[in-house]
Amino acid sequence: MYCYQSLQIADLSHKMASNAISMPSTATSSNVGAGLKSSSEASKPKPCCVCKEEKATRDECMLFSNAKDPQKDCATTIDKYKSCMAGFGFQLP
């Protein structure tokens, strides 16, 4: 019985030693701002978050147009969407 208990204790101490937590390295002057975006990137919105009304109008026109060429039929709404996106710094083809 004594041998079994000593094996259990040895196994337990081995498990505890293998589960040691490693501490993160300290910040240095070279890596302090590594994860931060520049102020211009942080202030620029995502393309999905701007011109939502213009996009909905454009999509509705393109989807429900009865014309042979919906792109020509919806050219004004497409241009409005493109100019709105350009106002936020996004260039569409």
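Whatever comes next refers back to the structure up there.
To keep things clear, this report deals only with the structure shown in the data block. Sequence positions are assigned chain by chain, starting from 1 and proceeding in written order. Note on the predicted model: pLDDT of at least 70 is required for a residue's local features to be given, and 80 or more for side-chain atom pairs to be given and counted; whole-chain, interface and lining totals, by contrast, use all residues. Derived side-chain values reflect all non-hydrogen atoms in the structure, with water molecules and hydrogen atoms excluded from consideration.

**Some remarks on the packing of aromatic side chains**
Thought 1: Aromatic pairs are defined between Phe, Tyr and Trp rings, using the six-membered ring for Trp, whenever the two ring centres lie within 6.5 Å; interplanar angles under 30 degrees are classed as stacked, those over 60 as edge-to-face, and all others as tilted. What the rule picks out here adds up to 0 aromatic pairs.
Thought 2: Between Arg 58 and the ring centre of Tyr 81, over which it is positioned, the NZ or CZ distance is 4.4 Å. Whether a charge sits over a ring comes down to the Lys NZ or Arg CZ being within 6 Å of the ring centre and within 35 degrees of the ring normal.

**Considerations on the nonpolar core**
Thought 1: Among buried residues, the Ala, Val, Leu, Ile, Met, Phe, Trp, Tyr and Cys ones that are joined through side-chain atoms within 4.5 Å form a nonpolar core. Relative accessibility under 20% of the residue-type maximum defines a buried residue, over 50% an exposed one, and the middle range a partly exposed one, all with a 1.4 Å probe and only protein chains included. The biggest cluster of nonpolar side chains holds 6 residues, and these are Val 50, Cys 51, Tyr 81, Cys 84, Met 85 and Phe 90.
Thought 2: By the convention used here, residues are in contact when the closest approach between their heavy atoms is within 4.5 Å. Once residues within four sequence positions are removed from consideration, Val 50 is found in contact with Pro 45, Met 85, Phe 88 and Phe 90.

**Some thoughts on the pattern of salt bridges**
Thought 1: Criterion for a salt bridge: a side-chain nitrogen of Lys or Arg within 4 Å of a carboxyl oxygen of Asp or Glu. By the definition in use, this model includes 1 salt bridge.
Thought 2: Note that Asp 59 and Arg 58 form a salt bridge whose closest N and O atoms lie 2.6 Å from each other.
Thought 3: The exposure class of Asp 59 is partly exposed, given its relative accessible area of 28%.

**Some thoughts on the state of the cysteines**
Any covalent bond linking the sulfur atoms of two cysteines counts as a disulfide.
Thought 1: When the sulfur atoms of two cysteines come within 2.5 Å, that pair is taken as a disulfide. For the structure on display, the rule yields 2 disulfides.
Thought 2: In this model, Cys 51 is linked to Cys 84 through a disulfide, with the two sulfur atoms separated by 1.9 Å. Its S-S torsion of about -95° marks the bond between Cys 51 and Cys 84 as left-handed, since a negative value means left-handed. Pair noted here: Cys 51 is in the loop between helix H2 (39-43) and helix H3 (52-64) and Cys 84 is in helix H5 (residues 75-87), with a separation of 33 residues, a long-range link. There is no split in this pair, since Cys 51 and Cys 84 are both buried.
Thought 3: Shown here is the disulfide that connects Cys 61 with Cys 74, its sulfur atoms set 1.9 Å apart. The disulfide joining Cys 61 to Cys 74 has a torsion of about -95° about its S-S bond and is therefore left-handed. One end of the pair, Cys 61, is in helix H3; the other, Cys 74, is in the loop between helix H4 (70-73) and H5, and 13 residues separate them in sequence.
Thought 4: Numbered in order of appearance, the disulfide-bonded cysteines of the protein are paired 1-4, 2-3.
Thought 5: For Cys 48, which is in no disulfide, the shortest distance to another cysteine sulfur is to Cys 49 and amounts to 3.5 Å. Per the convention used, a helix needs a DSSP run of H or I reaching at least four residues, while a strand needs a run of E reaching at least two, with both numbered from the N terminus.

**Describing the packing of H3 against H5**
A packed helix pair is summarised by two numbers, namely the angle formed by the two axes and the spacing between the axes.
Thought 1: Between H3 and H5, the least distance of the axes is 9 Å, while the angle of their chain directions is 155°. Considering the angle they form, H3 stands roughly antiparallel to H5. Remark: the crossing between H3 and H5 carries left-handed chirality. Contacts between H3 and H5 involve Glu 54, Lys 55, Thr 57, Arg 58, Cys 61 and Met 62 from the former and Thr 77, Ile 78, Lys 80, Tyr 81 and Cys 84 from the latter.
Thought 2: Residues of the contact of H3 with H5, tallied by class, amount to 5 nonpolar, 2 polar and 4 charged. Whenever a helix is involved, its axis is fitted only over the stretch in contact; in every case the axis is a line through C-alpha atoms, and angles between N-to-C directions fall within 0 to 180 degrees. Any angle between 65 and 115 degrees counts as roughly perpendicular, while under 35 counts as roughly parallel, over 145 as roughly antiparallel, and the rest as oblique. Handedness of a crossing follows from how the near helix is turned relative to the far one, being left-handed for an anticlockwise turn of less than a right angle and right-handed for a clockwise one. Residue type decides the class: Asp, Glu, Lys and Arg count as charged, Ala, Val, Leu, Ile, Met, Phe, Trp, Tyr, Cys and Pro as nonpolar, and the leftover types, Gly among them, as polar.

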